[in-house]
Amino acid sequence: MFERKNTEARRIPRHIALIMDGNGRWAKKRMLPRSLGHKQGMERMIGLLEHAFGLGVDYVTLFALSTENLQRPKEELDGLYDLIRQHFAESMERICSRGVRLRVIGDRTLLPKDVQEILQDSEKKTLSYEGKGLNVALCYGGRAEIVRAVNNAVKAGTSVTEESFSKLLYTQGQPEPELMIRTGKESRLSNFLLYQAAYTELYFSDKLFPDFSDEELERAIVWYSKRIRRFGKTDEQLETEKK
Ligand code: IPE
Ligand code: IPE
Ligand code: MG
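What this report covers is the structure whose coordinates are included nearby. (Residues numbered from 1 in each chain as written. Chains lettered and ligands numbered in written order. Predicted model: local features only at pLDDT ≥ 70, side-chain atom pairs only at ≥ 80, totals over all residues. Heavy atoms only, no water.)

## Here's the deal with the nonpolar core
Core analysis: the biggest nonpolar cluster contains 44 residues, and Met45, Leu49, Leu62, Met92, Leu134, Ile181 and Leu217 have the highest contact counts within it. Counting residues per element, this core draws most heavily on helix α3 (residues 74-96), at 9 residues. Those residues in contact with Leu134 that lie beyond four places of it in its chain are Leu49, Phe53, Val60, Leu62, Met92, Cys96, Val100, Arg101, Leu102 and Arg103. Counting residues in each nonpolar core, the second largest holds 11 residues, with Ala17, Tyr140, Tyr170 and Phe192 among its members. (Core = buried A, V, L, I, M, F, W, Y, C linked by side-chain atoms within 4.5 Å. Buried < 20%, exposed > 50% of the residue type's maximum accessible area, 1.4 Å probe, protein only. Helix = DSSP H or I, 4+ residues; strand = E, 2+ residues; numbered from the N terminus. Contact = heavy atoms within 4.5 Å.)

## Things to note about the sheet that holds strand β4 (residues 133-140)
One open sheet holds the 6 strands; their spatial order is β3-β4-β2-β1-β5-β6, and the pairing between them is parallel. Whereas interior strands pair on both sides, the edge strands pair on one side only; in this sheet they are β3 (101-105) and β6 (201-204). Ignoring which end each strand starts from, the neighbouring axes of this sheet average 20° apart. Pairing analysis gives 7 bridges linking strand β2 (residues 59-66) to β4, with the strands arranged parallel. Note on β4: the bridge partner recorded for Val60 is Leu134. Of the strands in this sheet, β3 and β4 touch helix α4 (residues 113-124), which is tilted by about 150° from β3. (Pairing = 2+ DSSP bridges. Axes fitted to C-alpha atoms, helices over the stretch in contact; angles between N-to-C directions.)

## Structural notes on the site of ligand 2
Every residue near ligand 2 is listed here: Ile19, Met20, Asp21, Phe63, Ala64, Leu65, Asn69, Arg72, Arg182, Arg188 and Ser190. A distance of 3.3 Å separates an oxygen atom of ligand 2 from a polar atom in the side chain of Arg182. A distance of 2.6 Å is found between an oxygen atom of ligand 2 and a side-chain nitrogen or oxygen belonging to Ser190. Across the shell around ligand 2, the residue classes tally to 5 nonpolar, 2 polar and 4 charged. (Near = heavy atom within 4 Å. Polar contact = N/O pair within 3.5 Å; in protein donor to acceptor, adjacent residues only side chain to side chain. Nonpolar A, V, L, I, M, F, W, Y, C, P; charged D, E, K, R; others polar.)

## Side note on the environment of Asp121
Relative to the helices and strands, Asp121 is located in helix α4. Note on Asp121: relative accessible area 43%, which makes it partly exposed. Linking Asp121 and Leu134, residues 13 residues apart in sequence, is a C-alpha distance of 15 Å.

## A few points about the site of ligand 1
The full set close to ligand 1 counts 13 residues, and Met20, Asp21, Arg25, Arg34 and Arg72 are the nearest of them. Within the side chain of Asp21, an N or O atom sits 2.8 Å from an oxygen atom of ligand 1. When ligand 1 sits alone it has 370 Å² of accessible area, and the protein chains cover 88% of it. Looking at the shell around ligand 1, the elements that each hand over two or more residues are α1 (23-29), α2 (34-55) and α3. (Areas by Shrake-Rupley, 256 points an atom, 1.4 Å probe, with all protein chains shown as cover.)

## Concerning a positive patch on the surface
Side chains of Lys29, Arg30, Lys185 and Lys207 sit close together on the surface and give a patch of like positive charge. Note on placement: Lys29 falls in helix α1. When its relative accessible area of 61% is taken as the criterion, Lys29 is described as exposed. (Patch = residues over 30% accessible without salt bridge, like charges linked within 9 Å, V, L, I, M, F, W, Y side chains within 5 Å. Salt bridge = Lys/Arg side-chain N within 4 Å of Asp/Glu carboxyl O. Lys, Arg positive; Asp, Glu negative; His and termini not counted. Charge placed at Lys NZ, Arg CZ, Asp CG, Glu CD.)

## Quick word on the side chain of His38
By the element assignment, His38 lies in helix α2. Judged by relative accessible area, His38 falls into the buried class, the value being 10%. Not counting residues within four places of it along the chain, the set of residues in contact with His38 comprises Asn23, Arg72, Glu76, Leu80 and Leu83.

Structure follows, in structure tokens:
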């Protein structure tokens, strides 16, 4: 199931990053509590992961909770932690059991202790897997990730190159995301993967995350397939290189 299912019109990215935004608005529209929006979002997330890995995507990085989100009301955060306790670990383990390495990225020490343990147990079960990965960003901030990497370099007393610096990031050893999708009608990065997304194609969807279907994901991939990735060069140069 893991072979990349490329067609003429569809080039499957190796790494997709996903900003899952709009759960709260989805719930509000239905006069439901925000927590139900997050529950619906979590279910959609699981479906999307199965679809993405089924299409042959190698790496998925999910933005599940930002450093800034920690300022939200305690009740909302407790609801999110409960979702991790009740559903997340089990579902992630099922998805990852087919050879996907699970990594929780971000400052996990900001999570409740028992949640940290649950996540660590799930990660441990996938330690031996290589070549496929699921990164779940929790208490994650792109600037914090960069500052952490800088401090590690300073501690080691070394200067860095772009290549060696990328090895100090949570995503070390993984290809950079070719495609980043943000749902929920906003067109910003909100501090996600600031270093890794330097050349990522950015796709903004008006769908609120619980409404972002498998077909919407395929639409984003088709859109990505039509992009000409020049990396600073001219079209003529790209044509010559193809020959
Ligand atoms: C994204 O949905 C999920 C998290 C940030 C945890 P939001 O909760 O930001 O949903 P909106 O933007 O309020 O609709
Ligand atoms: C970004 O969504 C973070 C996640 C999806 C986890 P936010 O809803 O927190 O983003 P802003 O605050 O609107 O930029
Ligand atoms: Mg939001």
